[in-house]
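In case you want the letters, here they are:
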Amino acid sequence: MRLLTHNMLSSNIKGVTNGFPLQIEAVKVVEKQVDFNPDFLKNMFSKVDWTALAAASKALGYADLPEAAGADMLDSDDFLRRFHHALLQLHLEEGALVCPETGRRFPVSKGIPNMLLHEDEV
Amino acid sequence: MPSKIAQIRLVSSHPEVYEPCDDSFALVDALLADQTNLLMHNPKLCMEVGCGSGYVITSLALVLGQGACGAYYIATDINPHAVRVTSETLEAHGVHAELITTDIASGLEERLAGLVDVMVVNPPYVPTPEEEVGRDGIASAWAGGENGRCVIDKILPVADKLLSDRGWLYMVTLTANNPSEICLQMRDKGYASRIVVQRSTEEESLHVIKFWRDSDDILQANEVGAVNKTGPARIFESLLSQFPGLLFGRNSNSSST
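Reading the values: rules and limits
- Residues numbered from 1 in each chain as written.
- Chains lettered and ligands numbered in written order.
- Predicted model: local features only at pLDDT ≥ 70, side-chain atom pairs only at ≥ 80, totals over all residues.
- Helix = DSSP H or I, 4+ residues; strand = E, 2+ residues; numbered from the N terminus.
- Buried ≥ 20, exposed ≤ 12 C-beta atoms within 10 Å, placed from the backbone.
- Contact = placed C-beta atoms within 7 Å.
- Rg over C-alpha atoms; globule rule 2.2 N^0.38 Å.
- Nonpolar A, V, L, I, M, F, W, Y, C, P; charged D, E, K, R; others polar.
- Pairing = 2+ DSSP bridges.
- Right-handed = clockwise from strand over helix to strand, strands pointing away.
- Axes fitted to C-alpha atoms, helices over the stretch in contact; angles between N-to-C directions.
- Arc of directions from axis to C-beta.

Quick look at the overall build of chain B
For step 1, the next point in the chain: Summing up its helical and strand segments, chain B has 8 helices and 7 strands in all.
For step 2, the next point in the chain: Burial status across chain B gives 49% buried among its 257 residues.
For step 3, the next point in the chain: Contacts in chain B between residues far apart in sequence, at least 24 positions, make up 75% of those at least 6 positions apart.

Right, dumping it as structure tokens:
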């Protein structure tokens, strides 16, 4: 699971009002080479919750993102490279996503998060 | 030269996962038939709901290409075996999609709202007793409840929520699903529609329908050579002509095409 995907996921348990972002428990992290695409990054920047991305990135052991970011930084190649790495190249391979409100763990196995709920959670 | 769509011999399998079949082929044929438009559309984010073997999302990634100008792909399935098989199929073709085991798009609906430029769905459309819907394993790939509409009717509002302003939806339907009624319902939500592929086999008659928001209506109308009328009236007429004898007909049309 890439961190762009993490940035799009919320806890889906019935009644949870504050389900984003899911906290990350990282057991295994892998890096995979992805073609650098500045246009894609610029397009996605406004859709990404930066605070959540920076925290997730840190949880995967990559602390080179600034705490806050503005659109003016998109002119910087250095910034775009870091953004690219955090957003697309880091993968949570094994671990869990944790609902910030209830503490319910959603397992991530072989890079795939399992968001299926139990009957009493729907 | 790399093949344009997924190769059957590279599609992974599992006893509890639906294998590519006529409906999967029809959906991929629809993507190929619309390939020029898709490439011009240049989607940033593509999604498949119910990815099964991974044949369709892999083909979509191959049709659109990945790399420097590629899109981001997300695929979901309620069946954990299917999601794993999809990941093997993607890997065998050297393409990537983000996979999530979930019911339709549960967990994504809030943050992914309005971001999906292309969505593809081959839903469980087979009419079955209601109690067969939502069972584990391979049954989730086909059990569609009354008129096969149970899951389709859950997917459509989610699609409406997730699709971007320029979002397109390609969906497989069976005649028994009453596709003209589906199109009229989507019309009420502001979508135009057309049939991209129509296919009849001995067992079933399939349509792959493309839905898009009305704002780029005119462009699409030109594409299919619609007559020079404007607004909903034309769309409605085009719907009528696309589904001869089917409008509002339920369970009476299994042999009509």
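The structure having been displayed, the exposition proceeds.
What about the overall build of chain A?
For step 1, the next point in the chain: Secondary structure summary: chain A contains 4 helices and 4 strands in total.
For step 2, the next point in the chain: Along chain A, from the amino end to the carboxyl end, the secondary structure elements read α-β-α-α-α-β-β-β.
For step 3, the next point in the chain: Relative to the globule expectation of 14 Å for 122 residues, the C-alpha radius of gyration of chain A, 15 Å, shows essentially globular dimensions.
For step 4, the next point in the chain: On the principal axes, the C-alpha backbone points of chain A span a range of 50 × 30 × 20 Å.
For step 5, the next point in the chain: Taking all 122 residues of chain A together, the buried fraction comes to 33%.
For step 6, the next point in the chain: Across chain A, the fraction of contacts at a sequence separation of at least 24, relative to all contacts at a separation of at least 6, is 74%.

What about the interface of chain A and chain B?
For step 1, the next point in the chain: Contact with chain A, which involves 21 residues of that partner, is made by 24 residues of chain B.
For step 2, the next point in the chain: For the side of chain A that touches chain B, the elements supplying multiple residues, two or more each, are helix 1 (3–8), helix 2 (38–45) and strand 4 (112–113) of chain A.
For step 3, the next point in the chain: Counting residues per element, the side of chain A that touches chain B draws most heavily on helix 1 of chain A, at 4 residues.
For step 4, the next point in the chain: The class makeup of the residues in the side of chain A that touches chain B is 10 nonpolar, 7 polar and 4 charged.

Digging into the sheet that holds strand 3 (residues 105–109) of chain A
Residue and element names in this part refer to chain A.
For step 1, the next point in the chain: Here we have 4 strands laid out as an open sheet, ordered 1-2-3-4, and antiparallel in their pairing. The open sheet terminates on both sides in strands that have one partner only, identified here as strand 1 (23–31) and strand 4.
For step 2, the next point in the chain: Sheet topology note: the strand 3/strand 4 ladder contains 2 bridges and is antiparallel. Residue pairing across strands places Val108 opposite Pro113, the latter belonging to strand 4.

Comments concerning the pairing of strand 5 (residues 163–174) of chain B
Residues and elements named next belong to chain B.
For step 1, the next point in the chain: The element strand 5 is extensively covered by neighbouring structure, given that 9 of its 12 residues are classed as buried.
For step 2, the next point in the chain: Relative to strand 5, strand 4 (residues 116–121) runs parallel, the two sharing 5 bridges. Across the sheet, residue Met119 finds its bridge partner in strand 5, namely Leu169.
For step 3, the next point in the chain: Tracing the backbone out of strand 4, into helix 5 (residues 152–162) and back to the parallel element strand 5 gives a crossover that is right-handed.
For step 4, the next point in the chain: Here 7 bridges tie strand 5 to strand 7 (residues 205–213), and the two strands are oriented antiparallel to one another. Counted as the bridge partner of Val172 is Val208 from strand 7.

As for the sheet that holds strand 4 of chain B
Residue and element names in this part refer to chain B.
For step 1, the next point in the chain: Here we have 7 strands laid out as an open sheet, ordered 3-2-1-4-5-7-6, and mixed in their pairing. Of all strands in the sheet, those bounded by a partner on one side alone are strand 3 (98–101) and strand 6 (191–200). The average undirected angle you get between the axes of adjacent strands in this sheet is 15°.
For step 2, the next point in the chain: Summarising the sheet, strand 1 (residues 45–49) and strand 2 (residues 72–77) pair through 5 bridges and their orientation is parallel.

So, helix 6 (residues 179–188) of chain B
Residues and elements named next belong to chain B.
For step 1, the next point in the chain: Those residues of helix 6 lying buried are Pro179, Ser180, Ile182, Cys183 and Met186. The arc enclosing the buried residues of helix 6, seen along the axis, measures out at 155°, which places them on a common side.
For step 2, the next point in the chain: After helix 6 finishes, the residue Gly190 shows a positive phi value of roughly 100°.

Here's the deal with the environment of Leu116 of chain A
For step 1, the next point in the chain: Looking at the secondary structure, you find Leu116 of chain A in the segment after strand 4.
For step 2, the next point in the chain: Among the residues examined, Leu116 of chain A registers 19 C-beta atoms within 10 Å and is labelled partly exposed.
For step 3, the next point in the chain: Setting aside residues no more than four positions away along its own chain, Leu116 of chain A makes contact with Ile78, Thr101, Thr102 and Asp103 of chain B.

Here's the deal with the environment of Trp212 of chain B
For step 1, the next point in the chain: Mapping Trp212 of chain B onto the fold places it in strand 7.
For step 2, the next point in the chain: Overall, Trp212 of chain B belongs to the buried group, with 23 C-beta atoms counted inside 10 Å.

Side note on unusual backbone geometry
Residues and elements named next belong to chain A.
For step 1, the next point in the chain: Of note, the bond from Phe20 into Pro21 is cis; its omega dihedral lies within 30 degrees of zero at -5°.
For step 2, the next point in the chain: Counting through the fold element by element, Pro21 comes out in the loop between helix 1 and strand 1.
For step 3, the next point in the chain: Unlike most non-glycine residues, Lys110 shows phi in positive territory, near 50°.
For step 4, the next point in the chain: Take Lys110: it is sitting in the loop between strand 3 and strand 4.
For step 5, the next point in the chain: You can call Lys110 partly exposed: it has 13 C-beta atoms within 10 Å.

Shape descriptors only; they carry no functional weight alone.
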